[in-house]
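# Observations on the three-dimensional arrangement
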Amino acid sequence: MQSVARVITRLETTQAVIALTFDCGADRGYAEEILDELARHGIRATFGMTGAWARADPDLVARMLHAGHRLINHSETHPSFTGRSTGSPPLSVDQRAAEIRRAE
């Protein structure tokens, strides 16, 4: 059975909560330091990463998974799907799907 994505913009809770998300796509950046700090405080976060980044940094991906963080597919190379941010033509449905599949 194929699952359907849902966008959640509000979560009903009586607790004060915050969702931490980080993008991983350009380079290792501060990922190690961020993971150290999250571990120090027992905090889990969500990391959106490109397939290219995940293949270049498998040690960090493994560390994220081992620590219980969530991972989000941020496409293979993070092109602009719509072209709005780059002024380029939008990607076709097939091109978009290929970007997601390659990253998965």
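Heads up: these notes are all about the structure in this document.

Calculation criteria
Residues numbered from 1 in each chain as written. Predicted model: local features only at pLDDT ≥ 70, side-chain atom pairs only at ≥ 80, totals over all residues. Heavy atoms only, no water. Helix = DSSP H or I, 4+ residues; strand = E, 2+ residues; numbered from the N terminus. Buried < 20%, exposed > 50% of the residue type's maximum accessible area, 1.4 Å probe, protein only. Contact = heavy atoms within 4.5 Å. Areas by Shrake-Rupley, 256 points an atom, 1.4 Å probe, with all protein chains shown as cover. Lys, Arg positive; Asp, Glu negative; His and termini not counted. Charge placed at Lys NZ, Arg CZ, Asp CG, Glu CD. Pairing = 2+ DSSP bridges. Right-handed = clockwise from strand over helix to strand, strands pointing away. Salt bridge = Lys/Arg side-chain N within 4 Å of Asp/Glu carboxyl O.

## Re the overall build of the protein
- Counting secondary structure elements, the protein contains 4 helices and 3 strands.
- For the protein, the succession of helices and strands along the chain, N to C, is β-α-β-α-α-β-α.
- In terms of its C-alpha atoms, the protein occupies a principal-axis envelope of roughly 45 × 35 × 35 Å.
- Sorting the 104 residues of the protein into buried and exposed places 23% on the buried side.
- The contacts in the protein between residues at least 6 apart in sequence include a share of 57% that link residues at least 24 apart.
- Surface accessibility of the protein: about 8,200 Å² in total, with carbon and sulfur atoms responsible for 54%.
- Computing the positive centroid from 12 side-chain charges and the negative centroid from 13, the protein places the two 7 Å apart.

## What to know about the pairing of strand E2 (residues 46-49)
- Across the two faces of E2 the burial is the same, with Thr46 and Gly48 and Phe47 and Met49 all buried.
- Sheet topology note: the strand E1 (residues 21-24)/E2 ladder contains 4 bridges and is parallel. Across the sheet, the residue bridging to Phe22 is Phe47, located in E2.
- With helix H1 (residues 31-41) bridging E1 and the parallel E2, this β-α-β connection has right-handed handedness.
- Relative to strand E3 (residues 70-73), E2 is paired through 4 bridges, and the arrangement is parallel. Of the residues in E3, the one forming a bridge with Thr46 is Arg70.

## Brief notes about the environment of Gly48
- Looking at the element boundaries, Gly48 is found in strand E2.
- The buried category is assigned to Gly48, whose relative accessible area is 7%.
- Taking the C-alpha atoms as reference, Gly48 lies 6.0 Å from Cys24; in sequence the two are 24 residues apart.
- Setting aside residues no more than four positions away along its own chain, Gly48 makes contact with Phe22, Asp23, Cys24, Ile72 and His74.

## Observations regarding the environment of Phe81
- As for its placement among the helices and strands, Phe81 is situated in the loop between E3 and helix H4 (93-103).
- Separated by 14 residues in sequence, Phe81 and Gln95 place their C-alpha atoms 8.6 Å apart.
- Those residues in contact with Phe81, other than ones at most four positions away along the chain, are Ser75, Pro90, Leu91, Arg96, Glu99 and Ile100.

## Describing the pattern of salt bridges
- Evaluation of the coordinates by the stated rule reveals 7 salt bridges.
- Notably, a salt bridge pairs Arg28 with Asp57, separated by 2.9 Å at the nearest N-O pair. On the criterion of sequence distance, the pair formed by Arg28 in the loop between E1 and H1 and Asp57 in the loop between helix H2 (51-56) and helix H3 (58-66) is long-range, its members being 29 residues apart.
- Owing to a relative accessible area of 27%, Arg28 belongs among the partly exposed residues under this scheme.
- You can call Asp57 buried: its relative accessible area is 5%.
- Salt-bridge contacts for Glu37 lead to Arg40; the nearest nitrogen and oxygen are separated by 2.8 Å. Placement of both Glu37 and Arg40 in helix H1 is noted, with a separation of 3 residues, approximately one turn of the helix.
- The exposure class assigned to Glu37 is partly exposed, which follows from its relative accessible area of 37%.

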